[in-house]
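Architecture at a glance
Below, each chain spelled out in residue letters.
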Amino acid sequence: MAKGIDVRDYKYLIIGGTQRAATTSIFRYLADHPEVCPSNMKETRFFLDKDYPLRVKYRFEEGMDKYNEYFCHCPSHRDLRVEATPHYLYSPNTPIRIKNSLPSVKIVFTLREPISRLISLYKLAKQLRHIAPTMSFELFVQEQLQAIEEGSLRPMWMRTLEEGRYSVYLKPYFEIFSREDVCVVWFEDLCEKPKETVQKICNFAGIDPAFFEDYNFRTFNPTYPVRSSIVHYIYWKLRGRFLYYIHNRTLIWKILRSINFTIEPLYLKLNRQPFEDVKIMPETRSFLIDYYRDEPKELESLIGEQPPWQLEVI
């Protein structure tokens, strides 16, 4: 941090949104931009509520100097600091924390058609052994619905059904921030037209969109079927621990990040297997369509833009 400049004096772009909606890809794309300095951990989780059920290294209660440690490698000439924590969308007190802490901040949310997102999270939960490998999709949905009705405490993987009602969680951001400081992009648009979608984010953030004219938009952190969920669980646990402990050791972090770009594709090549479609019973599909039926209209009313999906044809 430059002498005499407070962490609050920098410009920030925070990437929020739902899980499995390409926040990692967007973060990686923007990290390559010459006007951007990315956080040394993609998910800082700094502004999450204290009782939010995720592991956090530095909490908001420890002070903003701790937040600056995620950007300790940033040269002063890079104006825009970028981090990506999808769970900011779902943490009740996060909007006001960000608003009061970062005077020059913009937030972009990426959203995905909620049923395909739910299926993707179901696959991931099985891979990471958060749920039993034999659990059916129907039971995955039923247990969440029952937990909602009972009002019981739930781990993250048992909240994915209700978290597809994005408008409920977006409203506080649109109430607290000006509309010029909140942007929503769609996962489906990023898949179909990545250049236009990322350039939209650039224009919103105030950086040059021309950088992405001839850019290679590869996909990061996709959901793959794996041969061994145990091996996959161990791999991601070890990977997460390394990032947790070395994120502010700039040289080590850069070296391991470069190595990871080589190792991860090799690992996935060895542990991947052909996709197996998730079979959804007609009754479950009908229930989900009804459950999310009002969401496109709610989002259009809130954002002023219609989502690029229709639940009835899914």
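Residues numbered from 1 in each chain as written. Predicted model: local features only at pLDDT ≥ 70, side-chain atom pairs only at ≥ 80, totals over all residues. Heavy atoms only, no water.

Comments concerning the overall build of the chain
Broken down by element type, the chain carries twelve helices and five strands. Residues counted as buried form 52% of the 314 residues belonging to the chain. Counted over contacts in the chain with a minimum sequence separation of 6, partners at least 24 positions apart contribute 76%. For the chain, the exposed area adds up to about 15700 Å²; of that, 52% sits on carbon and sulfur atoms. (Helix = DSSP H or I, 4+ residues; strand = E, 2+ residues; numbered from the N terminus. Buried < 20%, exposed > 50% of the residue type's maximum accessible area, 1.4 Å probe, protein only. Contact = heavy atoms within 4.5 Å. Areas by Shrake-Rupley, 256 points an atom, 1.4 Å probe, with all protein chains shown as cover.)

Some remarks on unusual backbone geometry
Of note, Arg20 is a non-glycine position whose phi angle comes to about 60°, a positive value. Position of Arg20 among the secondary structure elements: in the loop between strand S1 (11–17) and helix H1 (23–31). Take Arg20: its relative accessible area is 13%, and that puts it in the buried class. You will see that Ala22, though not glycine, has its phi angle at about 75°, which is positive.

Structural notes on the environment of Leu145
Locating Leu145 in the fold gives a position in helix H5 (residues 137–150). Setting aside its immediate chain neighbours within four residues, Leu145 contacts Leu161 and Phe287.

What to know about the nonpolar core
Ile14, Phe47, Tyr67, Ile98, Leu102, Phe137 and Leu170 are the most contacted members of the largest nonpolar core, which totals 63 residues. Of the residues forming this core, the biggest block, seven residues, is contributed by helix H4 (residues 114–127). Leaving out residues up to four positions away in the same chain, Phe47 has contacts with Ile14, Phe60, Met64, Tyr67, Glu83, Tyr88, Ser91, Thr94, Arg97, Ile98, Ser101 and Leu102. Ranked by size, the runner-up nonpolar core spans 27 residues in total, among them Ile15, Val108, Cys183 and Phe212. (Core = buried A, V, L, I, M, F, W, Y, C linked by side-chain atoms within 4.5 Å.)

What about helix H12 (residues 295–303)?
Every buried residue of H12 is accounted for by Glu295, Pro296, Leu299, Leu302 and Ile303. Down the axis of H12, the smallest arc covering the buried residues is 130°, so these residues share one side. Of the residues in H12, the exposed ones pointing more than 90 degrees away from the buried face are Lys297 and Ser301. Here the buried face of H12 lies against strand S4 (105–111), helix H6 (166–176) and strand S5 (182–186). (Arc of directions from axis to C-beta.)

Some details on the packing of H1 against helix H8 (residues 194–205)
For any two helices packed against each other, the geometry comes down to the angle between their axes and how far apart the axes lie. It is at 11 Å that the axes of H1 and H8 come closest, and there the two elements cross at 65°. In this structure, the crossing between H1 and H8 has a hand that is right-handed. Across the interface between the two elements, Ile26, Tyr29 and Leu30 of H1 pack against Val198, Ile201 and Cys202 of H8. Residue composition of the contact of H1 with H8, by class: six nonpolar, no polar and no charged. (Axes fitted to C-alpha atoms, helices over the stretch in contact; angles between N-to-C directions. Left-handed = near helix turned anticlockwise from the far one by under 90°. Nonpolar A, V, L, I, M, F, W, Y, C, P; charged D, E, K, R; others polar.)

Some details on the environment of Asp79
Note that Asp79 resides in the loop between helix H2 (64–68) and strand S3 (80–84). With a relative accessible area of 45%, Asp79 lands in the partly exposed category. Through-space distance from the C-alpha of Asp79 to that of Val36 is 6.6 Å; in sequence the pair is 43 residues apart. What Asp79 contacts, discounting residues up to four positions off in sequence, is Lys11 and Glu35.

Focus: the pairing of S4
A large share of S4 lies buried, amounting to six of its seven residues. As defined by bridge partners, S1 adjoins S4 across six bridges and the pair is classed as parallel. Paired with Tyr12 across the strands is Val105, a residue of S4. Note that S4 and S5 share five bridges and pair parallel. Residue pairing in the sheet places Leu111 in a bridge with Trp186 of S5. (Pairing = 2+ DSSP bridges.)

Comments concerning the sheet that holds S5
Strand order in the open sheet formed by five strands is S2-S3-S1-S4-S5, and the pairing between neighbours is parallel. The outermost strands of the open sheet, each flanked by one partner alone, are strand S2 (36–38) and S5. On average, adjacent strands in this sheet sit at an angle of 25° to one another, irrespective of strand direction. Along the sheet, H8 makes contact with S1, S3, S4 and S5, crossing S5 at roughly 175°.

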